[in-house]
Amino acid sequence: MGIRLKENGLQGFITEEELQKQNAQVQQCAGWLESGEAAGNDFLGWVDLPVTYDKEEYQRIKKAAKKIQGQCDVFLVIGIGGSYLGAKAALDFIQSPIYNNLKKDTPDIYFVGNSISSRVLAEVMSLIEGRDFAVNVISKSGTTTEPAIAFRLLKKELERRYGKEGARERIYATTDRVRGTLKKLSDREGYETFAIADDIGGRYSVLTAVGLLPMAVSGIDIDQVMRGAADAREAYGKGTVADNDCLRYAAIRHCLMNKRRDVEILVNYEPALVMFGEWYKQLFAESQGKDKKGIFPVSANFSTDLHSIGQYIQDGADILFETVLWVEQSRKDIFIEEEAEDEDGLNFLAGKSMQYVNHKAFQGTLLAHVDGNVPNVILEIPQADAYHFGYLVYFFEKACGVGGYMLNVNPFDQPGVESYKKNMFALLGKPGYEEMKEGLERRLL
Ligand code: PA5
């Protein structure tokens, strides 16, 4: 039922002996996730979340999702970073990247507040004209600029349209259990509120209300998501690099990094997984990119991107390795038909399915990239469904936590993201930042 790690693209790059040498350190780091003896131990709530999650709140999520389905045509999810990427990844992976265009009896879902683009917000404002909408504002800190700007605007629009009372019925807040501006506002206004536990950081929060409420509104079976995550927790909670794929993947990444493979491309062959790549990038970049260390995570969608960055992967600098997410079963397969005139020369594929062609593209690319000196790790996923989404999320979260400790960094903080914020606030003239402003403006002249 789970996922499988395959290593035929690693031959000649890493030996079994090298991997076995990592085992003691991998075991120690995995142990720290359980015992809380290492840095960031106040952010380990995600480790047991698939079994310890708040059951009462979980039922409330399901109930709220039903209510939202009945009360709006458009559901706007406001959030950025860890407060958006997981839910969007789930929606695309399990439902469809074109979910909003499908015939369905659930609301359209748009994600806003994940940029400072006035154009996007203006376009969303025009698409809700004449359509009932509701809002899920998600921010753990409650002070993040991008979602706060979007929420200010949409709250006003809700109040204009439905009155204060009606707006209250259509605003769902996901935030800190006790602290923060959004929590205070929600309590004062009486919004239905869901909690992000203190010990779960933004990028590890997809299996909390942050991800689960938008998923449930779209009709995703969140029981299956949690079951997948719980099974992964069980499967990866024991064993060594010899028999635990998650620990082995962490060891492989570390070995490759030690051989100056400084860039990992998370490759998929399904557009439905593009946003999963975005989620993975945040998870690994914010968790491991510290103290001038860490593998730089990027993502690619094949075969599309073989027609763009494929050249570099094949022939460029020897700094890359690929981790390929291969989905074995296509949900709806299309078969290629024979034509009387074989003008496009495709009759040799008559009777073959597109999934078969995609698979051959995957195999051909794997061999070509290995020949081009690019190590390849394969993760075989039986189906892109709710269960395997939960399973994969847990696989990567754990591999990321273990890998962070192997690098000797705290995988659960993100001090680096504060620098740009301070500069932006100073340049915008936020009270308290006056001293910085002049120096920054001089540098921009
Ligand atoms: O992983 C993280 O902690 C960040 O990416 C946050 O999720 C992101 O900055 C949004 O923060 P908040 O939920 O506080 O608005």
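Structure first, text after, so check above.
Residues numbered from 1 in each chain as written. Predicted model: local features only at pLDDT ≥ 70, side-chain atom pairs only at ≥ 80, totals over all residues. Heavy atoms only, no water.

Below, the discussion takes up the site of the ligand. Surveying the vicinity of the ligand reveals 13 residues, the closest of which are S83, S139, S141, T144 and Q282. G82 places a polar main-chain atom, nitrogen or oxygen, 3.0 Å from an oxygen atom of the ligand. Within the side chain of S83, a nitrogen or oxygen atom sits 2.7 Å from an oxygen atom of the ligand. Protein chains shield 88% of the accessible area of the ligand, which is 380 Å² for the free molecule. Assessed atom by atom at 2 Å from the grid points, the ligand resides in the second largest pocket. The residue inventory of the shell around the ligand, partitioned by class, reads one nonpolar, nine polar and three charged. (Near = heavy atom within 4 Å. Polar contact = N/O pair within 3.5 Å; in protein donor to acceptor, adjacent residues only side chain to side chain. Areas by Shrake-Rupley, 256 points an atom, 1.4 Å probe, with all protein chains shown as cover. 1 Å grid on protein atoms, 1.4 Å probe; cavity = no way out; pocket = protein on both sides within 12 Å on 5 of 7 lines; lining within 4 Å. Sits in = over half its atoms within 2 Å of the grid points. Nonpolar A, V, L, I, M, F, W, Y, C, P; charged D, E, K, R; others polar.)

The next thing to look at is the side chain of S186. Relative to the assigned elements, S186 resides in helix 7 (residues 181-189). Setting aside chain neighbours within four positions, we find S186 in contact with A173, Y191 and T193. (Helix = DSSP H or I, 4+ residues; strand = E, 2+ residues; numbered from the N terminus. Contact = heavy atoms within 4.5 Å.)

Turning our eyes to something else, we now look at the sheet that holds strand 3 (residues 108-112). A sheet is described by the order of its strands in space; here five strands give the open sequence 3-2-4-5-6, paired in parallel fashion. Of all strands in the sheet, those bounded by a partner on one side alone are strand 3 and strand 6 (192-196). Direction aside, the axes of adjacent strands within the sheet are offset by 20 degrees on average. Here five bridges tie strand 4 (residues 133-139) to strand 5 (residues 171-176), and the two strands are oriented parallel to one another. Note that in strand 5 the partner of I138 across the bridge is T174. Against the sheet, helix 7 makes contact with strand 4, strand 5 and strand 6, and its axis sits at roughly 140 degrees relative to strand 5, the strand it touches most. (Pairing = 2+ DSSP bridges. Axes fitted to C-alpha atoms, helices over the stretch in contact; angles between N-to-C directions.)

This part covers the environment of L306. Mapping L306 onto the fold places it in the loop between strand 8 (296-301) and helix 12 (310-315). Considered as a pair, L306 and T365 are 59 residues apart in the sequence and their alpha carbons are 8.7 Å apart. With sequence-adjacent residues up to four places away left out, L306 is seen in contact with T365 and H369.

Turning next to the packing of helix 2 (residues 45-52) against helix 14 (residues 386-406). For the pair helix 2 and helix 14, interaxial distance at closest approach is 10 Å and the crossing angle is 155 degrees. As judged from the angle between their axes, helix 2 and helix 14 are roughly antiparallel. Helix 2 and helix 14 meet at a crossing whose hand is left-handed. Contacts between helix 2 and helix 14 involve W46, V47 and P50 from the former and Y394, E397 and K398 from the latter. (Parallel < 35°, antiparallel > 145°, perpendicular 65-115°, else oblique. Left-handed = near helix turned anticlockwise from the far one by under 90°.)

Take the layout of surface pockets next. Empty space within the largest pocket amounts to approximately 890 Å³. Around the largest pocket sit 31 residues that line it, and E270, P271, S330, R331 and K332 are the ones nearest its centre. Elements represented by at least two residues in the lining of the largest pocket include exactly helix 4 (85-95), strand 9 (320-329) and helix 13 (354-371). Take the lining of the largest pocket: its biggest share by element is five residues, from helix 13. Here the lining of the largest pocket is composed, by residue class, of 15 nonpolar, ten polar and six charged. One number sums up the size of the second largest pocket: a volume of about 670 Å³. As for the second largest pocket, its lining consists of 26 residues, and the residues nearest its centre are T144, G202, E286, Q414 and K421. Of all elements in the fold, only strand 4, helix 6 (145-170), helix 11 (274-288) and helix 15 (418-428) reach the threshold of two or more residues within the lining of the second largest pocket. Among the elements that make up the lining of the second largest pocket, the one with the highest residue count is helix 15 (three residues). In terms of residue class, the lining of the second largest pocket is made up of seven nonpolar, ten polar and nine charged. (Points joined across faces, edges and corners; volume = space filled by probe spheres on them.)

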